[in-house]
Amino acid sequence: MAAAWKRVKANKGSAGVDGLTIEQTAEHLKERWPQVRKELIAGKHQPQAVRRVEIPKPTGGMRELGIPTVMDRLIQQALLQVLQPLIDPTFSEFSYGFRPGRSAHDAVLQAQRYAQEGFRVVVDVDLEKFFDRVNHDILMDRLAKRISDKAVLRLIRRYLQAGIMAGGVVMDRSEGTPQGGPLSPLLANVLLDEVGLSAELNGYGQRM
């Protein structure tokens, strides 16, 4: 938890629906953390809704983000630090997005290697609003194949189902894992991994 707090603090970010900044949450945790810890261990922690914000996309239009409270960012970050070393090695070696030690530059270098091997066809796929359309049941089914701890699975589902606050109104969410939470990229990759495996099995290009 100490390492998770250090990362959340370093990432900065704005307050969630509770209005508490990182500094205010630090003070709040001094009294509140023992109770939150008990709730987590007992499987009773209930995440708060995420605050919806929109930011401009470089290519035009707007991208929706869901900003969890600092408290929930802390818990998600702690989950990420435990789960990523377990799950990430199961992903395709040709997957580069949102993965530790990998970058877009690595993907470009791999593409260059394919070109040198004689591949000449590139397929560019844009999964529009992918994060907003993640099916919770499919995601949880795939997570259950990688995670045996039922309490952790229940906590992740609660984060998926936490509502979205927009204009002061909290709306239920039946799909999606909003961009803005530390855990969302890993969860997205659990679904995207089968896309990568499919491409890997069917070949990445056509030699000409």
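Up top is the structure.
Quick caveat, the model's predicted, so the values are computed rather than measured.

> Hey, could you run me through a nonpolar patch on the surface in this one?
The grouping of Val 121, Val 123, Val 125 and Leu 127 at the surface amounts to a nonpolar patch, some 370 Å² of accessible area in total. Locating Val 125 in the fold gives a position in the loop between α4 (104–116) and α5 (136–144). Residue classification places Val 125 among the exposed positions, given a relative accessible area of 58%.

> Even after reading the chapter, I still don't get the packing of aromatic side chains, so can you show me in this structure?
The description of an aromatic ring pair uses the distance of the two centres, along with the angle that the planes make with each other. Taken as a whole and judged by the stated rule, the model has 4 aromatic pairs. Ring centres 5.9 Å apart and planes at 90° place the aromatic pair Phe 98 and Phe 131 in the edge-to-face group. Of this pair, Phe 98 sits in the loop between α3 (70–87) and α4 while Phe 131 sits in the loop between α4 and α5; the two residues are 33 residues apart in sequence, bridging distant segments of the chain. In this structure Phe 131 comes out as buried when scored by relative accessible area, which is 10%. Taken together, the ring pairs connect Phe 94, Tyr 114 and Phe 119 into an aromatic cluster. A cation sits over an aromatic face here: Arg 102 above Tyr 96, 5.2 Å from the ring centre.

> Help me understand the pairing of strand β1 (residues 50–56) in this model?
Along a regular strand, successive side chains alternate from one face of the sheet to the other. The sheet contact formed by β1 and strand β3 (residues 164–166) spans 2 bridges and is parallel. Looking at the pairing, Arg 51 lines up with Met 165 of β3. Hairpin remark: β1 followed by strand β2 (residues 62–67), antiparallel, with 5 residues in the connecting loop; positive phi at Gly 60, about 105°.

> Is there a simple way to explain the packing of α3 against helix α6 (residues 150–161) in this structure?
Packed helices, taken two at a time, are described by their axes: the angle between them and the distance between them. Between α3 and α6, whose axes approach to 12 Å, the crossing angle comes to 135°. Between α3 and α6, the interaxial angle falls into the category oblique. Remark: the crossing between α3 and α6 carries left-handed chirality. Residue-level contacts link Asp 72, Ile 75, Gln 76, Leu 79 and Leu 83 of α3 to Val 152, Leu 155, Ile 156 and Tyr 159 of α6.

Calculation rules
Residues numbered from 1 in each chain as written. Predicted model: local features only at pLDDT ≥ 70, side-chain atom pairs only at ≥ 80, totals over all residues. Heavy atoms only, no water. Patch = residues over 30% accessible without salt bridge, like charges linked within 9 Å, V, L, I, M, F, W, Y side chains within 5 Å. Areas by Shrake-Rupley, 256 points an atom, 1.4 Å probe, with all protein chains shown as cover. Salt bridge = Lys/Arg side-chain N within 4 Å of Asp/Glu carboxyl O. Helix = DSSP H or I, 4+ residues; strand = E, 2+ residues; numbered from the N terminus. Buried < 20%, exposed > 50% of the residue type's maximum accessible area, 1.4 Å probe, protein only. Phe/Tyr/Trp six-rings, centres within 6.5 Å; stacked < 30°, edge-to-face > 60°. Lys NZ or Arg CZ within 6 Å of the ring centre and 35° of its normal. Pairing = 2+ DSSP bridges. Axes fitted to C-alpha atoms, helices over the stretch in contact; angles between N-to-C directions. Parallel < 35°, antiparallel > 145°, perpendicular 65-115°, else oblique. Left-handed = near helix turned anticlockwise from the far one by under 90°. Contact = heavy atoms within 4.5 Å.

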